[in-house]
Amino acid sequence: MSKIAIIGSGIAGLFSAIKLANHGHKVVIITKQRVKDSSTNWAQGGIAGILDKTNSKAKAAHIQDTLQSGDGLCNEAVVRDVIERAADCINELVSIGVKFEKNQDGDFKLAKEGGHSERRILHAKDATGREIERALSEAAKLHSNITLMKNTLAVDLIQRHHGEPQSGVCGVWCFDQTTKQVITLSADAVIIATGGVGQLWAKTTNPSVATGDGVAMAHRCGAAVKDMAFIQFHPTALAIENGRPFLITEALRGEGGVILDLGGLNLWKEHCEQSLTFDTEPPLPEKYSFTLAFSELGSMATRDIVARAIDQNLKQTGAKHAFLVTSHLDRNMLETSFPNMQSHLDKYQLRLGYDDLPISPAAHYIVGGLDVDDFGRPRTTDGIGIIEHLYAIGEVACTGMHGANRLASNSLLEAVVFADKAARHIIDNPPETVKHELPAWRADGLNILTEHSPIVNDLTMLKDTMSSEVGIVRNNQRLNRAARRIKLLEKEINIIWKSSIPSRQIVELRNLIQVANLVIEDALNRSENRGLHYNTDLI
Ligand code: FAD
Ligand code: SIN
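Residues numbered from 1 in each chain as written. Chains lettered and ligands numbered in written order. Predicted model: local features only at pLDDT ≥ 70, side-chain atom pairs only at ≥ 80, totals over all residues. Heavy atoms only, no water.

**Overview of the site of ligand 1**
Phase 1 of the analysis: Lining the immediate surroundings of ligand 1 are 38 residues, of which T40, G46, D213, E395 and S411 lie closest.
Phase 2 of the analysis: Backbone polar atom of K32 to a nitrogen atom of ligand 1: 3.2 Å apart, as the coordinates give it.
Phase 3 of the analysis: A distance of 2.9 Å separates a nitrogen atom of ligand 1 from a polar backbone atom of A154.
Phase 4 of the analysis: Of all the elements in the fold, those that place two or more residues in the shell around ligand 1 are α1 (11-22), α2 (39-42), β7 (152-159), β15 (357-366) and α12 (411-428). (Near = heavy atom within 4 Å. Polar contact = N/O pair within 3.5 Å; in protein donor to acceptor, adjacent residues only side chain to side chain. Helix = DSSP H or I, 4+ residues; strand = E, 2+ residues; numbered from the N terminus.)

**Side note on the pattern of salt bridges**
Phase 1 of the analysis: By the definition in use, this model includes 34 salt bridges.
Phase 2 of the analysis: The salt bridge involving D356 is made with K269; its shortest N-O contact spans 2.6 Å. One end of the pair, D356, is in the loop between α11 (339-345) and β15; the other, K269, is in helix α8 (residues 262-277), and 87 residues separate them in sequence.
Phase 3 of the analysis: Classification of K269 as partly exposed rests on a relative accessible area of 34%.
Phase 4 of the analysis: Linking D373 and R377 is a salt bridge whose minimum nitrogen-to-oxygen distance equals 2.9 Å. (Salt bridge = Lys/Arg side-chain N within 4 Å of Asp/Glu carboxyl O. Buried < 20%, exposed > 50% of the residue type's maximum accessible area, 1.4 Å probe, protein only.)

**Quick word on the packing of helix α14 (residues 476-499) against helix α15 (residues 504-525)**
Phase 1 of the analysis: Put simply, α14 and α15 touch, their axes get as near as 9 Å, and they point 155° apart. The angle between α14 and α15 places the two elements in the roughly antiparallel class. Seen from above, α14 lies across α15 with left-handed handedness. On the side of α14, the interface is formed by N476, L479, N480, A482, A483, I486, K487, L489, E490, I493, I496 and W497, while α15 contributes I506, V507, L509, R510, I513, A516, N517, I520, A523 and L524. (Axes fitted to C-alpha atoms, helices over the stretch in contact; angles between N-to-C directions. Parallel < 35°, antiparallel > 145°, perpendicular 65-115°, else oblique. Left-handed = near helix turned anticlockwise from the far one by under 90°. Contact = heavy atoms within 4.5 Å.)

**Regarding α14**
Phase 1 of the analysis: Over its 24 residues, α14 runs 35 Å from end to end, which matches the ideal 34 Å to within 8%, given 1.5 Å per residue.
Phase 2 of the analysis: Of the residues making up α14, those classed as buried are L479, A482, A483, I486, L489, I493, I496 and W497.
Phase 3 of the analysis: Summarising the contacts, the buried residues of α14 are in contact with β7, α13 (453-469) and α15.
Phase 4 of the analysis: Two or three places before Q477, at the start of α14, stands the capping residue N475, its side-chain oxygen 3.1 Å from that residue's backbone nitrogen. (Expected span 1.5 Å × (residues − 1).)

**A look at α15**
Note: α-helices contain 3.6 residues per turn, so residues at a spacing of three or four share the same orientation.
Phase 1 of the analysis: In a regular helix each residue adds 1.5 Å, so 22 residues correspond to 32 Å; α15 covers 32 Å between its end C-alpha atoms and thus fits that length.
Phase 2 of the analysis: Taking burial as the measure, the 22 residues of α15 include 18 buried ones, the bulk of the element.

Written as structure tokens, this is what we have:
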């Protein structure tokens, strides 16, 4: 049986690990913090999918909404395949122990989010990811074929023949954050499941572990990237000064929540008061939403459109945030459906169903990533092959499922389906065993970095540059300015990198800079505005 190293303990890493372990493979999961530290653990809205395999109409509608959201750039074959496989993979999650919410008849309760024409999202209240992470990590911890390495940071992949991408990989150098040593881990195949890159921006819904390590590591080994410019900004992150931009799930809009600016809010409230005077029905807030000028679906349009609408509105009005209004909704429903959100809002004395929530967009998801084939194998930069014995699954990969803009709640689905496909591919094509001794990490003449403050300053500069120059609405001048600044940062970090023993801060900053360059390069190379990429010079 093979030894498989999996980097990452979110839905993609854990699901593939359990599958491989069930087939007798020895799996080592490397994860940089605690097992649960992942975007998966923070997912709120849920996982989209049609469980009734015979319901062709429902599947066709899911396919149609995904293609529509992807703005013409989805790989339709991938979309069809993922949606077809949704039922089997979601049922497998359930059999591992994930408890999605059910109604009194025992059927799964289904939610709706922006861009979905029907209710099709399975969830566990408003903390779906926490439930998925709980069930998968419990199963992984109990499995005798799985070893979990916490606080272990994958630094670089080890190639079978150095400098020859197609020779494949045979291990990972990892930084053990407890002993502060770089260890050499040999593996017959490596699965990268390292998640996203949200930490490139000052305001992000992502956890601190989302630093693009997997993209950077594999790209250094000759893996191609794709669609890096398609960064999804979630329209509704809580906008409270000095507070974490906690996600206000789109499912709240699915239940009728509406985005208004201050002008719309005041007008709506005025008309509600007038209706009291005249004893008429109070108006609903949606018709007062500025988002209607961008799409007839208003607050329920796809994320690219709603985030851009808010961005433009904030720039025009000078306001710091817009509002998500829920005071017209059933308070009992809000309380029972969104307990996780309410408990977070409690910190700020805000109440769903009463208070208007201050919101603004925050970096949320990278649609692009490592360019992979149908089994999750990264393609090489020369475009003619794949990197043997390497797989990339989950948010780190670009499969073509999301096109130019991901449909809400399709990420967990894509991650679990591709985790399944990659695991099956390894099971059906077991990699040859690595027999030779692997090289140790270069160690000669390296210093322990005693001062990290320059790195912290560089990180702040990087995030500020990406936030101001590479946001929702772009232009060539700003993109070029960002490129120049980041090149300078790259030079600085390379000097430190070459002379220092790795630390988590250096490894992550080096990776973030590399990914920032890839995002900007792709943005500058695009000749049209599509989905999440919007450059005013292309209008
Ligand atoms: P992750 O779950 O992010 O896991 C990545 C793992 O890799 C982590 O364990 C991390 O520590 C580890 N790692 C990273 N780098 C290294 C390294 N160098 N060495 C070792 N370990 C490393 N999508 C939906 O479909 N539905 C939702 O409702 C939804 N809600 C969301 C809410 C929030 C707040 C966020 C942030 C995202 C949400 N998304 C949602 C997106 C979705 O959660 C993610 O795309 C998905 O969970 C990614 O899964 P993953 O397994 O690829 O990565
Ligand atoms: C949300 O709950 O709004 C996030 C869903 C997603 O990112 O798919």
